Amino acid sequence: MHDFFRGGAAFARGQFVPVAEASVSPLDWAFTRSDVVYDVVHVFEDGFFRLADHLDRFTASMRARRLAPPETRDEMQAILHRCVALAQLHDAYVAMVALRGRPRIAGSRRIEDCDNHFMAYAVPWIDVIPKDVQARGAHLWVASKPRVADAAVDPTVKNYQWSDLTSGLFEAQDHGADSAIVCDEAGFVTEGPGFNVFVVKDGEVRTPDRGSLHGITRRTVLELCGAMNIAASVAPIQRHELELADEVFLATTAGGVMPASRVNRTIYANDRPGPMSLRIKDAYWQMHREGRHRTEVIRDLQV
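In what follows, the accompanying structure is described. (Residues numbered from 1 in each chain as written. Predicted model: local features only at pLDDT ≥ 70, side-chain atom pairs only at ≥ 80, totals over all residues. Heavy atoms only, no water.)

On to the environment of Asp127, then. Within the element layout of this structure, Asp127 appears in the loop between strand E6 (117-124) and helix H4 (131-136). For the pair formed by Asp127 and Thr252, sequence separation is 125 residues and the distance between their alpha carbons is 8.9 Å. Sequence-distant contacts of Asp127, defined by excluding residues within four places in its chain, comprise Gln134, Ala254 and Gly255. Within the local environment of Asp127, its side chain forms a polar contact with the side chain of Trp125, the two groups lying 3.1 Å apart. (Helix = DSSP H or I, 4+ residues; strand = E, 2+ residues; numbered from the N terminus. Contact = heavy atoms within 4.5 Å. Polar contact = N/O pair within 3.5 Å; in protein donor to acceptor, adjacent residues only side chain to side chain.)

Written out as structure tokens, the structure is:
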């Protein structure tokens, strides 16, 4: 079984298959229209971290986009456990996806003509900023193209509309940076490709109040700051405040708390991760080691 699911396991079209064999029809509106929502939870040393919170957010995203796959929440949760177990992973990146489906009537534009469906997969752990880059601090570039407006695409609904974020990655790559930060039309910081952004100034931590997913890791950072008596808030952050910051760090399920050492030409903390970023990063992983918010992977669960 281990060799069969080497590289990861997926649930697609009602069956468990190697992740490389999972597929989506080219007629599925998830593919043709990005009509899909998803969520990602990680597994650390055989335990999901904040699984219930991720399922809550996934449920809210499905409701917002009027998606209703036939599986219940409990069945979805069991499928996630089974994917991890089949792939025999101890540390994993685990995704849940709700897709619109293909219309039963060819050429139909009626949403109700589509049968929604559910996919999931578990693959080995992913760091959106590689660990060696985290160690020296990520180099980030502020994209010149703006984030799609919140009124057009709700950023709190986790979705695959990444055109603006991908354009930011193009620009970051062209400038030799590791990743991008995207601002809105008015010049306020939003987020990056797959992560929330935090700035540290005079001992206070802030994260943007707009254009951003309400990240589970973002929530965890804010909770940790409260427990550590660090002033923290969700607030507007103007683009120029990145240059004035003492530190910048990123937060995501796929990598945790990830310090930056540069944004454009601004260098922080002698071109290394800053002390506040490292303090919060250490507390985040200590929370994992203590088993807080942990759901043990059930490896003999039948679906």
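Of the strand pairs in this sheet, strand E1 (residues 9-12) and strand E2 (residues 15-18) are connected by four bridges, and their pairing is antiparallel. The residue bridging Phe11 from the neighbouring strand is Phe16, located in E2. (Pairing = 2+ DSSP bridges.)

Moving on, we come to the sheet that holds E6. Read across the open sheet, the seven strands follow the order E2-E1-E6-E5-E3-E4-E16; overall the sheet is antiparallel. The strands lining the two open edges of the sheet, one partner per strand, are E2 and strand E16 (294-296). Across the sheet, the mean angle separating the axes of adjacent strands is 25° when strand polarity is ignored. The strands that helix H3 (residues 73-87) touches are E1, E2, strand E3 (36-44), strand E4 (47-49), strand E5 (92-99), E6 and E16; relative to E6, the one it contacts most, it runs at about 35°. (Axes fitted to C-alpha atoms, helices over the stretch in contact; angles between N-to-C directions.)

On to the nonpolar core. Core analysis: the biggest nonpolar cluster contains 29 residues, and Phe48, Phe58, Leu80, Val84, Val94 and Phe118 have the highest contact counts within it. Those elements giving two or more residues to this core turn out to be E1, E3, helix H2 (51-64), H3, E5 and E6. Per element, the largest residue contribution to this core is seven residues, and it comes from H3. Judged by nonpolar contacts, the second largest core, of 20 residues, contains Val133, Val197, Leu242 and Met258. (Core = buried A, V, L, I, M, F, W, Y, C linked by side-chain atoms within 4.5 Å. Buried < 20%, exposed > 50% of the residue type's maximum accessible area, 1.4 Å probe, protein only.)

When charged atoms on two side chains of opposite charge get close, those side chains can pair. Scanning all chains against the criterion turns up 22 salt bridges. A salt bridge links Arg100 to Asp35, with the nearest nitrogen and oxygen atoms 2.7 Å apart. With Arg100 in the loop between E5 and E6 and Asp35 in the loop between helix H1 (29-32) and E3, this residue pair connects regions lying 65 residues apart in the sequence. Assigned by exposure class, Arg100 and Asp35 land together as buried. Asp46 is the salt-bridge partner of Arg299, the closest N and O atoms lying 2.7 Å from each other. Of this pair, Arg299 sits in the segment after E16 while Asp46 sits in the loop between E3 and E4, and the two are 253 residues apart along the sequence. One salt-bridge network, in which partners are shared between bridges, spans Arg50, Asp53, Arg219 and Glu223. (Salt bridge = Lys/Arg side-chain N within 4 Å of Asp/Glu carboxyl O.)

H3 packs onto H2 with a crossing angle of 125° between their chain directions and a minimal axis gap of 11 Å. Between H2 and H3, the interaxial angle falls into the category oblique. Between H2 and H3 lies a crossing whose hand is right-handed. Contacts between H2 and H3 pair Leu51, Ala52, Leu55, Asp56, Phe58, Thr59 and Met62 from the former with Arg73, Met76, Gln77, Leu80 and His81 from the latter. The residue makeup of the contact of H2 with H3, split by class, is seven nonpolar, three polar and two charged. (Parallel < 35°, antiparallel > 145°, perpendicular 65-115°, else oblique. Left-handed = near helix turned anticlockwise from the far one by under 90°. Nonpolar A, V, L, I, M, F, W, Y, C, P; charged D, E, K, R; others polar.)

Attention shifts here to unusual backbone geometry. Positive phi, normally seen in glycine, also occurs at Ala269, with a value near 50°. For Ala269, a relative accessible area of 32% gives the class partly exposed. Backbone geometry at Asp271 places phi at a positive 65°, although glycine is not the residue there. In this structure, Asp271 sits in the loop between strand E15 (266-267) and helix H8 (275-289).

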